[in-house]
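# Per-entry structural report
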Amino acid sequence: MQIPAPLPPPAQAAPSARLGHATPSRLWPEEGYRRAPYWVYTDADIYALEQQRIFRGRAWHYVGLEVEVPEPGTFKTTFIGETPVVLARAEDGSLRGVVNRCAHRGNLICREPFGKASKLYCIYHAWSYTLSGDLSHAAFSQGLRGEGGLPADFDKAKHGLRKLRVDTLCGLVFASFHENIEPLTDWLGEVTPGIRRLLNRPLKVLGYDTQRIHANWKTYHENPRDSYHANILHTFYGTFGLSRQSQESAMTLDGSGRHVYFYTKAGTEKKSSDYESTTSQLRSHNEQMKLEDPSILRWRDEFGDGISVQILNAYPSFVLHQIANSLATRQLIPRGVRQCDLVWTYLGFADDNEATTRARLNQTNLAGSAGLISVEDAAVCEMMQRAFADGEDGASFIEMGGKTLESGGSSKLSERAIRNFWNVYRQDMGL
Ligand SMILES: [Fe+2]
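Because the structure is predicted, anything quoted here is derived from the model rather than measured.

Right, let's talk about the overall build of the chain for a bit. Helix and strand counts for the chain come out as 11 helices and 19 strands. Computed over the C-alpha atoms, the radius of gyration of the chain is 23 Å, within 12% of the 22 Å expected from 2.2 N^0.38 for a compact globule of 431 residues. Over its C-alpha atoms, taken along the principal directions, the chain stretches across nearly 90 × 55 × 35 Å. A burial count over the chain gives 53% of its 431 residues as buried. Relative to all contacts within the chain whose residues are 6 or more apart in sequence, the contacts with residues 24 or more apart total 65%. Summed over its atoms, the accessible surface of the chain is roughly 18800 Å², and 51% of this surface lies on carbon and sulfur atoms. The distance from the centre of the 48 positive side-chain charges to the centre of the 49 negative ones in the chain is 3 Å.

Written out as C-alpha cells, the structure reads:
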C-alpha cells in the first residue's frame with residue numbers, strides 16, 4: 001500500500017500560514033460553531049486544505065453503487081474531492097478503488113464514465129494495471145537491443161496505482177484514502193437505519209444528471225442538513241403538504257455529529273396547529289396554487305411507515321433522498337472554491353413494475369437537478385455565494401434551536417445539524 005500515514009494534528013498557525021501563502025491569517029469568530037465566517041466559502045487556501053484534510057483525509061466518500069459495476073472488469077470513474085478515482089469490480093468479484101492516475105507520469109488512465117476492461121491501461125506509455133491497481137506491465141521495461149529500459153532494481157510491486165479502502169452498505173459503495181478509518185457502518189453510526197429503511201432490496205439505476213452549482217461546496221452540504229428551510233423556501237413542500245414543520249417529523253444525528261437524517265410524515269398535521277397562523281408569513285405558501293396535473297405529487301407509502309420525505313446527509317459529500325416515491329443519491333464534488341458539481345443518480349428497485357418506474361421518473365421533476373423543489377436549493381446556494389462577495393466581511397448566524405451541539409434535540413425546527421457540521425469541520429481542518 002502506498003497510502004501515507006495520517007496527518008499529524010493540525011498546528012495552531014492559521015491555514016494560510018501552514019500552506020505557505022502570504023495571505024492574512026484567519027480567525028474563526030469566538031462564538032465557535034454557532035458562526036461560519038464567510039471567508040470559509042471564498043478562501044482558496046481553505047479550499048486547498050479541505051482537499052487534503054477532508055477529501056483525502058479521514059472520511060468515507062460515496063463513489064457509486066454496486067449495481068453500477070455488476071461483474072468482473074466493469075468500472076466507473078468518479079471523483080473524491082478533486083481527485084479522480086476508479087471504482088472497479090476485480091477478477092475475483094471484489095470491489096476495488098484506486099486513484100485514476102498512472103504511477104508512471106501521472107496521466108489519467110480511465111477516461112470513460114463507465115466501461116469494461118481486462119486491465120487498466122495508460123495510453124501514454126502503455127503501463128497497465130490489474131483491476132486491483134497492481135502494475136502488470138510497463139512497455140519496453142527491458143529496453144530494446146540492449147539499450148534503454150527501466151533500471152535493474154525496478155520493482156513492479158512498488159509502482160501500482162494508489163489504492164483506496166472500499167466498503168459497502170445496502171448497495172452503496174464508499175471509498176477512503178485513510179488506511180485506519182473505522183468500517184463504514186461504524187462511521188455512519190445512528191444514520192445507518194435511514195439507509196437500511198430505504199435501500200432494502202436490489203437497486204436499479206433509472207438515470208443520471210450532473211448539475212454545476214456556482215457556489216462553494218459547503219453551501220450545498222449545509223442545505224440538506226437544514227430542515228428549517230424546507231417548507232419556507234419550497235412552495236411544493238408547504239403548499240401541497242409533502243413536508244411541513246407542523247407534521248410529524250424528527251431528526252437523527254449520529255454520535256459524532258457528522259451525519260444526519262430527517263423524516264416527515266405527510267398528512268399528520270393537526271388543523272388547529274400553529275402552522276396555520278404562520279403560513280401567511282411564508283412567501284412559499286400559496287393556497288391559490290393548483291396543479292392542472294397533480295400526478296407529480298401522488299405518492300404511495302411504499303415502505304409502509306407513512307414517511308413522505310426522508311433526507312439523509314453523510315459528511316462530507318453524500319445525500320440520499322426519498323421525496324414521495326423519488327429515490328436518488330446525490331454526490332457533491334468540489335470544482336474550485338466557487339463551484340461544485342452535484343451528481344444525481346435516480347434510483348428504483350430491480351423488482352419495480354413499469355408504472356412504479358414511471359412514477360419515480362415523473363417525480364424527478366420534483367426532486368432532481370431541475371426539480372420544482374430541488375432547483376431552489378441550488379439557486380439559494382448561488383445567491384449566498386454572490387452575497388458573500390469576497391468573504392472578507394461577516395459570518396452566518398446558526399442558533400435556531402439553541403446554541404449548543406445538543407440543543408434543538410430531534411426537532412426539525414433547528415440548526416443543530418449545521419452547528420455539528422461546523423464543529424466537525426473545524427476539528428478536521430484545525431481551524
Ligand atoms: Fe431545500
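From this point, things continue past the structure.
Attention now goes to the coordination of the iron ion. Surrounding the iron ion are the protein donor atoms His229 (NE2), His234 (NE2), Asp377 (OD) and Asp377 (OD), at 1.9 to 2.8 Å. Here the iron ion binds four donor atoms, and the angle range of 52 to 147° at the metal identifies the geometry as irregular. In primary-sequence terms, the residues that donate to the iron ion follow H-x4-H-x142-D. Residue His229 shares its accessibility class with His234, and that shared class is buried.

A word on the environment of Val380. Looking at the element boundaries, Val380 is found in helix α10 (residues 374-388). It is 25 Å that separates the C-alpha atoms of Val380 and Glu31, two residues lying 349 residues apart in sequence.

Turning next to the state of the cysteines. With the rule as written, the count across this model stands at zero disulfides. Cysteine Cys340 shares no disulfide, and the gap to the nearest cysteine sulfur, in Cys381, comes to 7.0 Å.

Attention shifts here to the sheet that holds strand β13 (residues 248-253). Ordered by their spatial adjacency, seven strands build an open sheet running β12-β18-β17-β16-β15-β14-β13, and the pairing between neighbours is antiparallel. The sheet is open, and its two borders are formed by β12 (203-213) and β13, each paired with just one other strand. Across the sheet, the mean angle from the axis of one strand to that of its neighbour is 15°, orientation sign disregarded. Relative to strand β18 (residues 340-349), β12 runs antiparallel, the two sharing 10 bridges. Along β18, the bridge assignment pairs Tyr208 with Thr345. Relative to the sheet, α10 contacts β12 and β18, its axis offset from that of β12 by approximately 30°.

Glancing now at α10. Given 3.6 residues per helical turn, the α-helix brings residues three or four places apart onto the same face. Here α10 spans 22 Å end to end across 15 residues, near enough to the 21 Å set by a 1.5 Å rise per residue. Turning to α10, its buried residues number three or more, namely Ser374, Asp377, Ala378, Cys381, Gln385 and Phe388. All buried residues of α10 fall inside an arc of 95° around its axis, so they share one side. Turned more than 90 degrees away from the buried face of α10, the exposed residues are Arg386 and Ala387. Contacts from the buried residues of α10 go to β12, α5 (217-222), α6 (230-233) and β18. With its phi angle positive at about 55°, Ala389 sits one or two positions after the end of α10.

With the rule as written, the count across this model stands at 20 salt bridges. Between Asp43 and Arg26 there is a salt bridge, with its nearest N and O atoms 2.9 Å apart. One end of the pair, Asp43, is in the loop between β1 (35-37) and α2 (44-55); the other, Arg26, is in the loop between α1 (15-18) and β1, and 17 residues separate them in sequence. A salt bridge links Glu399 to Arg35; the shortest N-O distance between them is 2.8 Å. Here Glu399, found in the loop between β19 (395-397) and α11 (416-429), pairs with Arg35, found in strand β1; they are 364 residues apart in sequence, far enough to count as distant. Here Glu399 and Arg35 have matching classes, each one buried. Residues joined by salt bridges that share partners form a network here, namely Arg201, Glu302, Asp351, Asp352 and Arg360.

Okay, the packing of α2 against α11 next. Packing of α2 against α11 brings their axes to within 9 Å, and their N-to-C directions diverge by 85°. As the angle between them shows, α2 and α11 are arranged roughly perpendicular. Residues Ile46, Leu49, Glu50, Arg53 and Ile54 of α2 pack against Tyr425, Asp428 and Met429 of α11. Here the contact of α2 with α11 is composed, by residue class, of five nonpolar, no polar and three charged.

Overall, the prediction assigns the chain a mean pLDDT of 92, with 92% of residues at 70 or greater. Throughout residues 9-24 the model reports pLDDT below 50, and contacts reaching past four residues in sequence, or to other chains, amount to 24 contacts.

Conventions we followed
- Residues numbered from 1 in each chain as written.
- Predicted model: local features only at pLDDT ≥ 70, side-chain atom pairs only at ≥ 80, totals over all residues.
- Heavy atoms only, no water.
- Helix = DSSP H or I, 4+ residues; strand = E, 2+ residues; numbered from the N terminus.
- Rg over C-alpha atoms; globule rule 2.2 N^0.38 Å.
- Buried < 20%, exposed > 50% of the residue type's maximum accessible area, 1.4 Å probe, protein only.
- Contact = heavy atoms within 4.5 Å.
- Areas by Shrake-Rupley, 256 points an atom, 1.4 Å probe, with all protein chains shown as cover.
- Lys, Arg positive; Asp, Glu negative; His and termini not counted.
- Charge placed at Lys NZ, Arg CZ, Asp CG, Glu CD.
- Donors = N, O, S within 2.8 Å, 3.2 Å for Na, K, Ca; no water.
- Tetrahedral: all angles 85-135°; square planar, octahedral: opposite > 155°, others 65-115°.
- Disulfide = S-S within 2.5 Å.
- Pairing = 2+ DSSP bridges.
- Axes fitted to C-alpha atoms, helices over the stretch in contact; angles between N-to-C directions.
- Expected span 1.5 Å × (residues − 1).
- Arc of directions from axis to C-beta.
- Salt bridge = Lys/Arg side-chain N within 4 Å of Asp/Glu carboxyl O.
- Parallel < 35°, antiparallel > 145°, perpendicular 65-115°, else oblique.
- Nonpolar A, V, L, I, M, F, W, Y, C, P; charged D, E, K, R; others polar.
- pLDDT = per-residue confidence, 0-100.

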